[in-house]
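Chain by chain, the residues:
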Amino acid sequence: MSLLNKPKSEMTPEELQMPEEEEFNTGSLSVLTQWTKNNTQVLINCCNNKKLLGRVKAFDRHCSMVLENVKEMWTEVLKSSKGKKKSKLANKDRYISKMFLCGDSVIVVLWNLLIAGN
């Protein structure tokens, strides 16, 4: 009987782990596995309109991640003085040495080609 047809209740812990390992090594998560092993810098777009540029140290199947050397970037609208209608946008950023990112807030993870090409 193949693992696909076997009920989960009858599987051993090793058999339960096999499909997940397969996904991390050859499936869609294999790219993140490779980037983690190679210490590749990635750009992560988050749902709060912030971008994170850093290195993935660990991740899970939900795309929750432990990141290091992170530059968080966002844009703020500066309030105009004296009732002027024109507002200015300001690019803001900050450095975070280590952080945990919940997978719920991840939209897309990109390989940073600019850094990789150097």
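What counts and how
Every chain begins its residue count from 1, and numbering advances along the sequence as written. Local features are withheld for residues below a pLDDT of 70 in this predicted model, meaning they are given only at 70 or higher, and side-chain atom pairs are given and counted only at 80 or more; totals for whole chains, interfaces and linings count all residues. Water and hydrogen atoms play no part in the side-chain values, which are based on all heavy atoms of the structure. We define the nonpolar core as a collection of buried residues of types Ala, Val, Leu, Ile, Met, Phe, Trp, Tyr and Cys that are connected through side-chain atoms lying within 4.5 Å of one another. When accessible area is computed with a 1.4 Å probe and restricted to protein chains, residues below 20% of their type maximum are described as buried, those above 50% as exposed, and intermediate ones as partly exposed. Helix numbering and strand numbering both begin at the N terminus, where a helix is a DSSP run of H or I of at least 4 residues and a strand a DSSP run of E of at least 2. Here, residues are in contact when the closest pair of their heavy atoms is within 4.5 Å. Here, a strand pair is defined by DSSP locating no fewer than two bridges between the strands. Where helices are involved, their axes are fitted lines through C-alpha atoms of the stretch in contact, as for all axes, and angles between N-to-C directions lie from 0 to 180°. In this scheme Phe, Tyr and Trp rings, the latter by its six-membered ring, pair at centre separations within 6.5 Å, and the angle between planes marks the pair as stacked below 30 degrees, edge-to-face above 60, and tilted otherwise. Only lysine NZ and arginine CZ atoms are considered, and such an atom sits over a ring when it is within 6 Å of the ring centre and within 35 degrees of the ring normal. Only residues whose relative accessible area exceeds 30% and that form no salt bridge enter a patch; like-charged residues are grouped when within 9 Å of one another, and nonpolar side chains (Val, Leu, Ile, Met, Phe, Trp, Tyr) when within 5 Å. Residue burial considers only the protein chains on display, and all accessible areas are found by Shrake-Rupley using a 1.4 Å probe. Salt bridges, as used here, are contacts in which a Lys or Arg side-chain nitrogen is within 4 Å of a carboxyl oxygen on Asp or Glu.

### Considerations on the nonpolar core
Now for step 1: Ranked by size, the top nonpolar core spans 17 residues in total, and within it Ile44, Leu52, Met65, Leu67, Leu101 and Val109 carry the most contacts.
Now for step 2: Mapped onto this core, the elements with two or more residues apiece are helix H2 (30-38), strand S1 (41-46), strand S2 (51-59), strand S3 (65-78), strand S4 (88-101) and strand S5 (106-111).
Now for step 3: When sequence neighbours within four positions are dropped, the list of residues in contact with Ile44 reads Lys50, Lys51, Leu52, Met65, Leu67, Leu101, Val106, Val108 and Val109.

### Points about unusual backbone geometry
Now for step 1: Positive phi outside glycine occurs at Cys63, with the angle close to 65°.
Now for step 2: The topology assignment puts Cys63 in the loop between S2 and S3.
Now for step 3: Phi at Asn69 is positive, roughly 50°, even though this residue is not glycine.
Now for step 4: Among the structural elements, Asn69 can be located in strand S3.

### What to know about the sheet that holds S3
Now for step 1: On the basis of which strands lie adjacent, the open sheet formed by five strands has the order S4-S3-S2-S1-S5 and antiparallel pairing. Strands at the two margins of the open sheet, each flanked by one partner only, are S4 and S5. Strand-to-strand twist across the sheet, computed as the mean angle between neighbouring axes with direction ignored, equals 30°.
Now for step 2: Two strands pair when backbone bridges link them, and S2 and S3 are joined in this way by seven bridges, in the antiparallel orientation. Looking at the pairing, Leu53 lines up with Lys71 of S3.
Now for step 3: This element, H2, spans S1, S2 and S5 of the sheet and lies at about 90° to S2.

### A few points about the packing of aromatic side chains
Describing an aromatic ring pair means giving the distance of the ring centres and the angle of the ring planes.
Now for step 1: Applying the stated criterion to the full structure yields zero aromatic pairs.
Now for step 2: We note Lys50 situated over the ring of Trp74; from NZ or CZ to the ring centre the distance is 4.7 Å.

### Some points on a nonpolar patch on the surface
Now for step 1: On the surface, a nonpolar cluster with roughly 250 Å² of combined accessible area is contributed by Ile107, Val108 and Leu110.
Now for step 2: Relative to the helices and strands, Leu110 resides in strand S5.
Now for step 3: Judged by its relative accessible area of 43%, Leu110 is partly exposed.

### Section: the pattern of salt bridges
Now for step 1: Counted according to the given criterion, the structure contains four salt bridges.
Now for step 2: A salt bridge links Glu68 to Lys98; its shortest N-O distance comes to 3.6 Å. With Glu68 in strand S3 and Lys98 in strand S4, this residue pair connects regions lying 30 residues apart in the sequence.
Now for step 3: A salt bridge links Arg94 to Glu72; the shortest N-O distance between them is 2.4 Å. One end of the pair, Arg94, is in strand S4; the other, Glu72, is in strand S3, with 22 residues separating them in the sequence.
Now for step 4: One network of salt bridges, in which partners are shared, links Lys50, Glu72 and Arg94.

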